[in-house]
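What follows is each chain in one-letter form.
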Amino acid sequence: MTELIHTDCTNYDPKTLIHGVKILREGGTVVFPTETVYGIGADATSDSACFKIFEAKGRPADNPLIAHFGSIGDINRYCFWDMVEKRKELEMLWPGPLTVVVKKRDLISSVASAGLDTIGVRVPDCDFTRSLIQNAGFPVAGPSANISGRPSATSILHIKEEMWGRVDLMYDAGRTRIGIESTVILPEGENCTVLRPGAYTEEDLLRIFKTVSYAKVGGKTMSPGMKYRHYSPSKKLYRADPEILIKVAENNPKVLPIVSTELGERINGNKLVLGKKSDPVSISRNLYSFFRELDGSPYEAGIIESFEEKGYFFSIMNRIKKASIPITEMADFK
Ligand code: AMP
Ligand code: MG
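In this report, the structure presented in the accompanying data block is examined. Per chain, residue numbering runs from 1 following the sequence as it is written. Numbering of ligands from 1 and lettering of chains from A proceed in the order in which they are written. Per-residue local features are limited, in this predicted model, to residues with pLDDT of at least 70; the limit for side-chain atom pairs, both in listing and counting, is 80 or more; totals at the level of whole chains, interfaces and linings are taken over all residues. Water and hydrogen atoms play no part in the side-chain values, which are based on all heavy atoms of the structure.

As for the packing of helix H10 (residues 280-296) against helix H11 (residues 312-323)
Whenever a helix is involved, its axis is fitted only over the stretch in contact; in every case the axis is a line through C-alpha atoms, and angles between N-to-C directions fall within 0 to 180 degrees. A run of H or I in DSSP becomes a helix once it reaches four residues, and a run of E becomes a strand once it reaches two; helices and strands are each numbered from the N terminus. Across the interface, H10 lies against H11 with an axial gap of 10 Å and an inter-helix angle of 15 degrees. In terms of orientation, H10 lies roughly parallel with respect to H11. Handedness of the crossing formed by H10 with H11: left-handed. Here Pro280, Val281, Ile283, Ser284, Leu287, Tyr288 and Phe291 of H10 come into contact with H11, specifically with Tyr312, Phe313, Ile316, Arg319, Ile320 and Ala323. Counted by class, the contact of H10 with H11 contains eleven nonpolar, one polar and one charged residues. Each angle receives one of four descriptions, namely roughly parallel if under 35 degrees, roughly antiparallel if over 145, roughly perpendicular if within 65 to 115, and oblique otherwise. By definition, any crossing whose near helix is turned counterclockwise from its far helix by less than a right angle is left-handed, and any crossing with a clockwise turn is right-handed. By the convention used here, residues are in contact when the closest approach between their heavy atoms is within 4.5 Å. Charged residues are taken to be Asp, Glu, Lys and Arg, nonpolar residues to be Ala, Val, Leu, Ile, Met, Phe, Trp, Tyr, Cys and Pro, and polar residues to be all remaining types, Gly included.

Below, the structure written as structure tokens:
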């Protein structure tokens, strides 16, 4: 049976923590809010608790979980954090949407790390969740709270549709602020590899590291999760530059446009407006919920705006590209 408790990331009643702490200590699963997307959490030091996460999500066993910490000071007890040369600089980005892959100690379950000797660690920017983890007394393994292959969930409504009956408890703290998953990096001395782009951008990382490179799909250092189909709506989603998109929208009433505020002003008729290009976080915040809205709509397919891959839009486009089929002219549109 699943229970639901309403809370808030900043203004929460500490009493709302008690039930979640109890379930985590008993080896159960708890859906928790973060600033990126919702997570499904369990004791990261327990094989059997972590196994329940894989089962609930239908997640492939070779895709490791992220270990969430309530406090930076606890990380070194569970991982070789002190070996990370740029740790002090990286700590300045926490709490925040950054996951750092680091050598794990034996305390971390090898189910959580999918048999690897490393684990992704993160301190989420949600006071409630950090307090939940602190009170549990161990790091909480938590991938995104969605069935494997579906878009990550940014509100409890979506999680209820998929995960009700599959987890012990859900905390509802409203919609998440950022809406796409954390930046995952592998630091190696003064250099780092981005395994998954996110809200912390290349520019942010270049303030810390001499070089920033990107993991190749299929490459050795790749984040195992990136090889799986991800982030996608069930319906066909096309992507196109603004001029093509406008033409498609004008000629195909069965296709739902998903566009920035700016482009939306040039399109008559129904559309989903992501947000202003000058405020990219407003765009990432709506992205996955619009994928789900497309699936639940009477439209046959969707068409989403292609953005220039600069700054944070590089990360937004990373998710859009995984979810959509590019079209460059009207003839491509079937
Ligand atoms: P999720 O929490 O569902 O967004 O997935 C966690 C992401 O972090 C996946 O893409 C994982 O492959 C990645 N990740 C976690 N631990 C590691 C690790 N030890 N090495 C590489 N990638 C990792
Ligand atoms: Mg995920």
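Structure's up, so let's keep going.
Notes on the pairing of strand S6 (residues 118-122)
Relative accessibility decides the category of a residue: with a 1.4 Å probe and only protein chains considered, values under 20% of the type maximum give buried, values over 50% give exposed, and everything between is partly exposed. Judged by how many residues are buried, S6 sits mostly within the fold: five of five residues are covered. At least two bridges found by DSSP between two strands is the condition for calling them paired. As defined by bridge partners, strand S4 (residues 66-68) adjoins S6 across three bridges and the pair is classed as parallel. Pairing of histidine 68 across the sheet is with arginine 122, part of S6. Bridging between strand S5 (residues 98-103) and S6 involves four bridges; their strand directions are antiparallel. Along S6, the bridge assignment pairs valine 101 with glycine 120.

A closer look at the nonpolar core
As a rule of thumb, soluble globular proteins bury nonpolar side chains together. For our purposes a nonpolar core is just a set of buried Ala, Val, Leu, Ile, Met, Phe, Trp, Tyr and Cys residues, chained together by side-chain atoms within 4.5 Å. Membership of the largest hydrophobic core comes to 63 residues, with the highest contact counts inside it found for Val31, Trp81, Leu90, Val121, Ile159 and Ile185. Tallying contributions element by element places helix H2 (residues 47-57) first for this core, with five residues. Not counting chain neighbours up to four residues away, the residues in contact with valine 121 comprise Ala67, Phe69, Ile75, Cys79, Trp81, Trp94, Leu98, Thr99, Val100 and Val102. If you look at the next biggest cluster of nonpolar residues, it comprises 24 residues, including Ile178, Ile180, Phe291 and Leu294.

Quick look at the pattern of salt bridges
The salt bridge definition used is simple: a Lys or Arg side-chain nitrogen within 4 Å of an Asp or Glu carboxyl oxygen. Under the definition given, this model contains 18 salt bridges. Between glutamate 181 and arginine 319 there is a salt bridge, with the nearest N and O atoms lying 2.8 Å from each other. Residue glutamate 181 is found in the loop between strand S8 (169-172) and strand S9 (183-188), and its partner arginine 319 is found in helix H11; the two are separated by 138 residues along the sequence. For the pair shown, glutamate 181 and arginine 319 are each scored as buried. With its nearest N and O atoms 3.1 Å apart, the salt bridge here joins aspartate 204 to arginine 207. A relative accessible area of 65% places arginine 207 in the exposed class. Here the salt bridges share partners, and the residues they tie into one network are Arg150, Glu162, Arg292 and Asp295.

Re the environment of lysine 321
By the element assignment, lysine 321 lies in helix H11. For lysine 321, the residues in contact, after removing those within four places along its chain, are Arg239 and Glu309.

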